[in-house]
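# Working through the structure, step by step
Here is what each chain is made of, one letter per residue.
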Amino acid sequence: MTRPAVPLIELNAVSKTYSTGGAAFTALDAVDLTVGAGEFLAVVGPSGSGKSTLLNVVAGIDRPTDGRVIVDGVEVQTLDENEAARWRGRTVGVVFQFFQLLPTLSLADNVMLPMDFCGVHRRKDRPRVARELLDRVGLADQADKLPSETSGGQQQRVAIARALANDAPIILGDEPTGNLDSEAAAAMMDLFDDLVGSGRTILMVTHDRDLALRTRRIVEVRDGAVTDTPHAPATTSPAVNAAAPTPTAGP
Ligand SMILES: Nc1ncnc2c1ncn2[C@@H]1O[C@H](COP(=O)(O)OP(=O)(O)OP(=O)(O)O)[C@@H](O)[C@H]1O
Ligand SMILES: [Mg+2]
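Here goes a summary of the coordinates provided. (Residues numbered from 1 in each chain as written. Chains lettered and ligands numbered in written order. Predicted model: local features only at pLDDT ≥ 70, side-chain atom pairs only at ≥ 80, totals over all residues.)

Moving on, we come to the overall build of the protein. The helix and strand tally for the protein stands at 8 helices and 10 strands. Dimensions along the principal axes, computed over C-alpha positions, put the protein at roughly 55 × 50 × 30 Å. For the protein, the proportion of its 251 residues judged to be buried stands at 42%. Across the protein, every contact between residues at least 6 apart in sequence was considered, and the portion connecting residues at least 24 apart equals 69%. (Helix = DSSP H or I, 4+ residues; strand = E, 2+ residues; numbered from the N terminus. Buried ≥ 20, exposed ≤ 12 C-beta atoms within 10 Å, placed from the backbone. Contact = placed C-beta atoms within 7 Å.)

A few words on the packing of helix α3 (residues 107–118) against helix α4 (residues 126–136). Relative orientation and spacing of two packed helices are given, respectively, by the angle between their axes and the distance between those axes. Where α3 contacts α4, the axes come no closer than 9 Å and their chain directions differ by 115°. Between α3 and α4 lies a crossing whose hand is right-handed. Between α3 and α4, the contacting residues are Leu107, Ala108, Val111, Met112 and Met115 on the first element and Arg126, Pro127, Val129, Ala130, Arg131, Leu133 and Leu134 on the second. Each residue belonging to the contact of α3 with α4 can be placed in one class, and the counts come to 10 nonpolar, no polar and 2 charged. (Axes fitted to C-alpha atoms, helices over the stretch in contact; angles between N-to-C directions. Left-handed = near helix turned anticlockwise from the far one by under 90°. Nonpolar A, V, L, I, M, F, W, Y, C, P; charged D, E, K, R; others polar.)

When we look at burial in α3, the residues that qualify are Leu107, Ala108, Asn110, Val111, Met112, Pro114 and Met115. The inward-facing, buried residues of α3 abut α2 (81–91), α4 and α5 (152–164). Immediately beyond the C-terminal end of α3, within one or two residues, lies glycine 119, with a positive phi of roughly 65°.

The next thing to look at is the sheet that holds strand β7 (residues 170–174). Two orientations exist for strands paired in a sheet by backbone hydrogen bonds: parallel and antiparallel. Reading across from one edge, β6-β7-β8-β3-β9-β10 is the order of the 6 strands in this open sheet, with mixed pairing throughout. Every interior strand has two partners, whereas the edge strands, β6 (92–95) and β10 (225–230), have only one. Going from strand to strand, the sheet's axes swing by 15° on average, the running direction of each strand aside. Strand direction decides the pairing type here: strand β3 (residues 40–44) and strand β9 (residues 217–222), joined by 4 bridges, are parallel. The partner of valine 44 across the bridge, within β9, is glutamate 220. Against the sheet, helix α1 (residues 51–58) contacts β3, β7, β8 (201–205) and β9, and its axis sits at roughly 155° relative to β8. (Pairing = 2+ DSSP bridges.)

It is worth spelling out the pairing of strand β4 (residues 66–71) at this point. In this structure, strand β1 (residues 7–20) lies alongside β4, joined through 5 bridges in antiparallel fashion. What sits directly across from leucine 11, in β4, is valine 69. Summarising the sheet, β4 and strand β5 (residues 74–75) pair through 2 bridges and their orientation is antiparallel. Across the sheet, the residue bridging to valine 71 is valine 74, located in β5. The hairpin turn running from β4 into β5, its antiparallel successor, is 2 residues long, and aspartate 72 in that turn takes a positive phi close to 50°.

Let's shift gears to the sheet that holds β5. Spatially, β2-β1-β4-β5 is the arrangement adopted by the 4 strands of the open sheet, whose pairing is antiparallel. The open sheet has two edge strands, β2 (23–36) and β5, and neither has a second partner. Bridging between β1 and β2 involves 10 bridges; their strand directions are antiparallel. When the bridges of β2 are listed, glutamate 10 appears paired with threonine 34.

As a further point, take the nonpolar core. In terms of nonpolar packing, the biggest core is built from 64 residues, with Val43, Val58, Val111 and Leu134 touching the most fellow members. Residues within four places of valine 58 in sequence aside, it is in contact with Ile9, Val69, Val71, Leu172 and Leu203. (Core = buried A, V, L, I, M, F, W, Y, C linked by C-beta atoms within 7 Å.)

Let us now look at the site of ligand 1. Inspection of the region around ligand 1 gives 13 residues, with Tyr18, Ala27, Ser47, Ser52 and Thr53 positioned closest. Where the shell around ligand 1 is concerned, the elements lending two or more residues are β1, β2 and α1. Counting residues per element, the shell around ligand 1 draws most heavily on α1, at 3 residues. Split by residue class, the shell around ligand 1 holds 3 nonpolar, 9 polar and 1 charged. (Near = placed C-beta within 6 Å.)

Below, the discussion takes up the packing of α3 against α5. At a closest axis distance of 7 Å, the pairing of α3 and α5 adopts a crossing angle of 30°. As summarised for this structure, α3 and α5 are arranged roughly parallel, according to the angle between their axes. Between α3 and α5 the crossing geometry is right-handed. Residues Leu107, Asn110, Val111, Leu113 and Pro114 of α3 pack against Val158, Ala161 and Arg162 of α5. Classifying every residue of the contact of α3 with α5 by side-chain character gives 6 nonpolar, 1 polar and 1 charged. (Parallel < 35°, antiparallel > 145°, perpendicular 65-115°, else oblique.)

Below you can see the structure in the form of structure tokens.
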């Protein structure tokens, strides 16, 4: 069994309870999870099992009801909303399940937003970097369109480009390929492999078993609880192998 060499993300007994209409619902139930720098995890599980909630507590978007979320040494659950937004801008790129693009901005301007918010890249370089990111997801020729003028799969790829815009060490993808055909999904997986090869850490929610099997570790969420399955990836590339966590010797 492999263990992360350097813990980057640690969830200790994290629970998230929603109370709706007087009834309490447990979306995450005392979850423990440790993710090392440079890991590529697939997060799988049935609809409603808690996958998005898990990503949202790591991103500091949702605050756990109980437990601790420690990301790169920061106790994320202690940050207030403004602190969390600033911290997230430096630390995490999020591909939202429903994209959350701003409808009045062009694709290029959507990708530039995190750069402006986080102050990454020189102001005069941002338009070029945004277009390069759109090029990486195959949308170089669409940069000036509005989201409403593009397909669902194209909007999803813009959301991926935007998640890379702040050059964050952690990328959280909530079904980032859910609207893509298998060829486009495979191309995005190649991009994620490259990012992991250059030191990024990726947590990717997916319903696609084949894509999950391309990662090294599958975390299954079921009724708010996680089970963790390290495994050999179905296809390996030198980049993926180079980023593999080092097994620690047993006692
Ligand atoms: N704001 C909320 N208020 C009440 N319940 C919520 C809220 N957000 C999520 N839940 C519930 O928490 C559970 C987990 O939701 P979550 O969105 O994490 O599921 P998921 O695994 O991402 O599902 P899917 O695969 O459909 O996206 C669900 O049963 C959902 O109804
Ligand atoms: Mg979800």
